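Fold and geometry: a report
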Amino acid sequence: MRRHAGIQQVQTLACQFLGHVTRASNCEGVTQAVTAGALEAVTAACKQHVADETTQYWACLTLVNITDGSMKNVARAVKSGAIHAVVAATYRHVGSEGVS
């Protein structure tokens with residue numbers, strides 16, 4: 001995700017993939033995603049592609065999946081700036097069912 005940070009389609013697909021592999025909060029996908037830096041990468045995608053509703057949907061869903069039930073992951077998400085990114089997405093897409 002870092003190498004192609006400016007390419008919205010790549011970020012959307014990466015967030016979508018991460019959203020699927022982190023669906024179960026106690027699964028190996030969450031552990032591997034966090035170890036690989038998914039929280040930071042997804043937060044960066046959320047910040048960079050704030051105008052794209054689909055990217056925001058998948059980024060927010062992935063953040064929910066990764067932080068669900070893990071205070072350690074919540075703390076890491078907060079440190080990465082996820083709160084500000086999600087709030088910005090929510091304001092940007094107020095009428096969107098998928099984001100707000």
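Reading the values: the criteria
- Here, residues in each chain are numbered from 1, in the same order as that chain's written sequence.
- Side-chain atom pairs in this predicted model are given and counted only at pLDDT of 80 or more, local residue features only at pLDDT of at least 70, and totals for whole chains, interfaces and linings cover all residues.
- The basis for every side-chain value is the complete set of non-hydrogen atoms in the structure, without hydrogens or water.
- Secondary structure elements follow DSSP: runs of H or I no shorter than four residues count as helices, runs of E no shorter than two count as strands, and numbering proceeds from the N terminus.
- Contact definition: two residues touch when any of their heavy atoms are within 4.5 Å.
- Per-residue accessibility, obtained with a 1.4 Å probe over protein chains only, is compared with the maximum for each type, and a residue is labelled buried under 20%, exposed over 50%, and partly exposed between these values.
- Picture the helix axis, draw a direction to every C-beta atom, and the arc is the one those directions span.
- In this description, a line fitted to the C-alpha atoms serves as the axis of each element, helices being fitted only across the stretch in contact, and the angle between N-to-C directions of two axes falls anywhere from 0 to 180 degrees.
- Any angle that is under 35 degrees is reported as roughly parallel, and any over 145 degrees as roughly antiparallel; angles of 65 to 115 degrees are reported as roughly perpendicular and all others as oblique.
- Should the near helix be turned anticlockwise from the far one by less than a right angle, the crossing is left-handed, and should it be turned clockwise, the crossing is right-handed.
- Any residue outside Ala, Val, Leu, Ile, Met, Phe, Trp, Tyr, Cys, Pro, Asp, Glu, Lys and Arg is labelled polar, Gly included; the first ten of those are nonpolar and the last four are charged.

So, about the side chain of Ser 80. You can see Ser 80 is positioned in helix H5 (residues 71-80). Excluding its chain neighbours within four sequence positions, the residues that come into contact with Ser 80 are Leu 39, Glu 40, Thr 43 and Lys 47.

Of all the residues in helix H6 (residues 82-92), the buried ones are Ala 82, Ala 85 and Ala 89. Seen along its axis, H6 keeps its buried residues to an arc of 65°; they face one direction. Facing away from the buried side of H6 by more than 90 degrees, the exposed set consists of His 84 and Tyr 91. Contact partners of the buried residues in H6: helix H3 (38-48), helix H4 (53-67) and H5.

Within the span of H5, buried status applies to Asn 73, Ala 77 and Ser 80. All buried residues of H5 project into a common sector of 60° when viewed along the axis, lining one side. Exposed and facing more than 90 degrees away from the buried side of H5 are Met 71, Lys 72 and Lys 79. Against helix H2 (28-35), H3, H4 and H6 lie the buried residues of H5. Two residues or fewer past H5, Gly 81 is found with a positive phi of approximately 95°.

With that settled, consider the packing of H4 against H6. For the pair H4 and H6, interaxial distance at closest approach is 11 Å and the crossing angle is 140°. What the angle tells us is that H4 and H6 run oblique. Where H4 crosses over H6, the two elements pack in a sense that is left-handed. Along the contact surface, H4 presents Gln 56, Cys 60 and Leu 63, while H6 presents Ala 82, Ala 85, Val 86 and Ala 89. Its residues assigned to classes, the contact of H4 with H6 shows six nonpolar, one polar and no charged.

So, on to the side chain of Gln 11. In this fold, Gln 11 is placed in helix H1 (residues 8-21). Among residues more than four places away in sequence, those in contact with Gln 11 are Met 1, His 4, Ala 5, Ala 45 and His 49.

By themselves, these figures tell us nothing about what the structure is for.
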